[in-house]
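Close look at the chain arrangement
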Amino acid sequence: VLCWFYVFPVYRLPSDKEIVEEVLRQGEEWQKNQTGIDLYRKLLSECCDPKRMFAVTKENSPVGKVLWYDGEFYYSHTVNNNTYSLFVQENPLQLPLKKCAVVGNGGILRHSKCGRDIDQADFVMRCNLPPISKEYAEDVGAKTHLVTANPSIIEKRFQSLLWSRKDFVDSMKVYGSSYIYMPAFSMRPGTDPSLRAYYTLADSSSNLTMLFANPEFLRTVGKFWKSHGVHARRLSTGLFLVSLALGLCEEVTTYGFWPFSVDLDQRPVSHHYYDNILPYKWFHAMPEEFVQLWHLHKSGTLRVRVGRCA
Ligand code: CDP
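Small disclaimer: the values here were computed from a predicted structure and weren't measured.

1. As for the site of the ligand
- In the vicinity of the ligand, 16 residues are found, and the nearest of them are Asn128, Ser236, Thr237, His271 and His272.
- Threonine 237 places a polar side-chain atom, nitrogen or oxygen, 2.8 Å from an oxygen atom of the ligand.
- Along the lines of polarity and charge, the residues of the shell around the ligand split into five nonpolar, eleven polar and no charged.

As structure tokens, then:
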């Protein structure tokens, strides 16, 4: 009798348990592989040109340029004098970045004591305006050089900035003088809150610099990972940042990427280091993404930290 999977061979994602076992087998052992690093930098610059394209700039988006939203069908924004004036001149980052830490928001960071390691990096990237108050510093560090902000956070946490803006300005102070990276041209309802966030920071003489994510970059990075077997409707913020880091940094270490419900000692672990609100199920494919990260870890292209740092 033929089993159906002999007739229709399908790629099967390993189960969570299998992934945990595989990570345990490998342990924290890691060896840097310069060839792998160079290869991924080359692949990413060929597909997505992160150096030039990661943000919307005056250089890559002159007046009249049509920005096609990457999270929508057939919706675009044509750059006009108003929007053009909000763009930075060109990529403002001092390249190449040396050691980069990409910090995901996974609950695995809790009690990890990875804060010092993270703060030792030359460039620290974080996702979705996470809390980094004193209470968390030992585990997640205190430094930030780039932090993403999804427009939905502006809507939910700061009432779309239609009322008091002080709360937003005060909350941003923990990120010092970092870049705030917003996908302003990804989904239609996200544009206005993103522009309001820009004006709010500008009007309060904040030290933060707003960078709008370039939808063309987000689209090409999405395609890149699709061709590597990540089939989510949309990549997670974390994987976008890892891709950016692989393109711009000499060495990349990730922290807080662990989309599983138990840790390496089989103890329950919350989804985030600060809460346990689970993601909308079918939107991202985080375990599938983790398999890719782990593959890069094993090949020495980047280092994935999942256990304790100290
Ligand atoms: O809202 P979104 O799913 O984009 O991200 P988040 O929950 O704020 O977490 C930031 C990033 O950390 C995610 O995009 C994932 O890449 C990563 N993450 C993870 O790998 N494992 C978790 N348990 C939670 C987040």
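2. Side note on the pairing of strand E8 (residues 249-255)
- The element E8 is largely enclosed, with a buried count of five among its seven residues.
- Here six bridges tie strand E3 (residues 97-103) to E8, and the two strands are oriented parallel to one another. Paired with cysteine 100 across the bridge in E8 is valine 252.
- For E8 and strand E9 (residues 303-305), the ladder comprises three bridges, and the chain directions are parallel. Paired with tyrosine 255 across the two strands is arginine 305, which belongs to E9.

3. Observations regarding the packing of aromatic side chains
- Using the criterion set out here, one finds 17 aromatic pairs in the structure.
- Centre to centre, the rings of tyrosine 40 and phenylalanine 224 are 6.4 Å apart; their planes meet at 85°, and the pair counts as edge-to-face. Of this pair, tyrosine 40 sits in helix H3 (residues 34-48) while phenylalanine 224 is found in helix H11 (residues 215-226), placing the two residues 184 residues apart along the sequence. There is no split in this pair, since tyrosine 40 and phenylalanine 224 are both buried.
- Centre to centre, the rings of tyrosine 69 and tyrosine 75 are 4.8 Å apart; their planes meet at 75°, and the pair counts as edge-to-face.
- Judged by its relative accessible area of 3%, tyrosine 69 falls in the buried class.
- Site record: aromatic cluster; members linked through ring pairs are Tyr69, Tyr75, Phe87, Phe185, Tyr198, Tyr199 and Phe212.
- Of note, lysine 58 hangs over the ring of tyrosine 84, and the distance from its end group to the ring centre comes to 5.3 Å.
- Across from the ring centre of tyrosine 75, 4.0 Å away, lies the NZ or CZ of arginine 188, which sits over that ring.

Thresholds, definitions, all that
- Residues numbered from 1 in each chain as written.
- Predicted model: local features only at pLDDT ≥ 70, side-chain atom pairs only at ≥ 80, totals over all residues.
- Heavy atoms only, no water.
- Near = heavy atom within 4 Å.
- Polar contact = N/O pair within 3.5 Å; in protein donor to acceptor, adjacent residues only side chain to side chain.
- Nonpolar A, V, L, I, M, F, W, Y, C, P; charged D, E, K, R; others polar.
- Buried < 20%, exposed > 50% of the residue type's maximum accessible area, 1.4 Å probe, protein only.
- Helix = DSSP H or I, 4+ residues; strand = E, 2+ residues; numbered from the N terminus.
- Pairing = 2+ DSSP bridges.
- Phe/Tyr/Trp six-rings, centres within 6.5 Å; stacked < 30°, edge-to-face > 60°.
- Lys NZ or Arg CZ within 6 Å of the ring centre and 35° of its normal.

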